[in-house]
Amino acid sequence: MARKSIGERLAQLEARRKTLQIRLSKQERSIDTRRKVLIGALILHRLTNRDVQISEGLATWLRSELPKFLVRDADRQLFDDLLTVQTPTSGTQTVDSEVGQ
């Protein structure tokens, strides 16, 4: 059986390196996505758990920051319930976006 040339072995090693790099990138994206989901779950839990000190401050902050962060209408619709403020005298009030102004 003939030995592979150094060039062939290098090509195989390079192909293996690329495969491992792709796998690492997928793993990093998966970890990033999981972290985002868990942070989002924590925030939603705090908002719905009625811990007034945390949920009111957090809700106020989100109503301030989300309209600037969300640029797509479809994304904004996902957060309509958070962006709509319930006021005791006037019913509901929607926070206007500062994007594009």
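Rules used in this analysis
- Residues numbered from 1 in each chain as written.
- Predicted model: local features only at pLDDT ≥ 70, side-chain atom pairs only at ≥ 80, totals over all residues.
- Heavy atoms only, no water.
- Helix = DSSP H or I, 4+ residues; strand = E, 2+ residues; numbered from the N terminus.
- Buried < 20%, exposed > 50% of the residue type's maximum accessible area, 1.4 Å probe, protein only.
- Contact = heavy atoms within 4.5 Å.
- Areas by Shrake-Rupley, 256 points an atom, 1.4 Å probe, with all protein chains shown as cover.
- Core = buried A, V, L, I, M, F, W, Y, C linked by side-chain atoms within 4.5 Å.
- Expected span 1.5 Å × (residues − 1).
- pLDDT = per-residue confidence, 0-100.
- Axes fitted to C-alpha atoms, helices over the stretch in contact; angles between N-to-C directions.
- Parallel < 35°, antiparallel > 145°, perpendicular 65-115°, else oblique.
- Left-handed = near helix turned anticlockwise from the far one by under 90°.
- Nonpolar A, V, L, I, M, F, W, Y, C, P; charged D, E, K, R; others polar.

Let's shift gears to the overall build of the protein chain. On a plain count of helices and strands, the protein chain comes out with 4 helices and 2 strands. The secondary structure elements of the protein chain, listed N-terminal to C-terminal, are α-α-α-α-β-β. Looking at the protein chain residue by residue over its 101 residues, the buried ones come to 14%. A sequence separation of at least 24 residues applies to 20% of the contacts in the protein chain between residues at least 6 apart. For the protein chain, the exposed area adds up to about 8,800 Å²; of that, 56% sits on carbon and sulfur atoms.

Here we come to the nonpolar core. Counting residues in hydrophobic clusters, the biggest one holds 8 residues: Leu47, Leu58, Ala59, Leu62, Leu66, Leu70, Leu82 and Leu83. Per element, the largest residue contribution to this core is 4 residues, and it comes from helix H2 (residues 52–69). Setting aside residues no more than four positions away along its own chain, Leu66 makes contact with Phe79, Leu82 and Leu83.

Let's shift gears to helix H1 (residues 6–48). The terminal C-alpha atoms of H1 lie 63 Å apart, and with 43 residues this matches the ideal 63 Å at 1.5 Å per residue to within 8%. Within two residues after H1, Arg50 carries a phi angle of roughly 65°, on the positive side.

Per-residue confidence for the protein chain gives a mean pLDDT of 84, with 83% of residues at or over 70. Overall, residues 97–101 carries pLDDT values under 50, and its contacts beyond four positions in sequence, including any with other chains, amount to 7 contacts.

Contact pair H1 / H2: the axes reach a minimum separation of 8 Å and the direction vectors enclose 120°. With respect to H2, the element H1 is oriented oblique. Note on packing geometry: the crossing formed by H1 with H2 is left-handed. Counted together, Ile43, Arg46 and Leu47 of H1 and Ile54, Ser55, Leu58, Ala59 and Leu62 of H2 form the full contact between these two elements. Counted by class, the contact of H1 with H2 contains 6 nonpolar, 1 polar and 1 charged residues.

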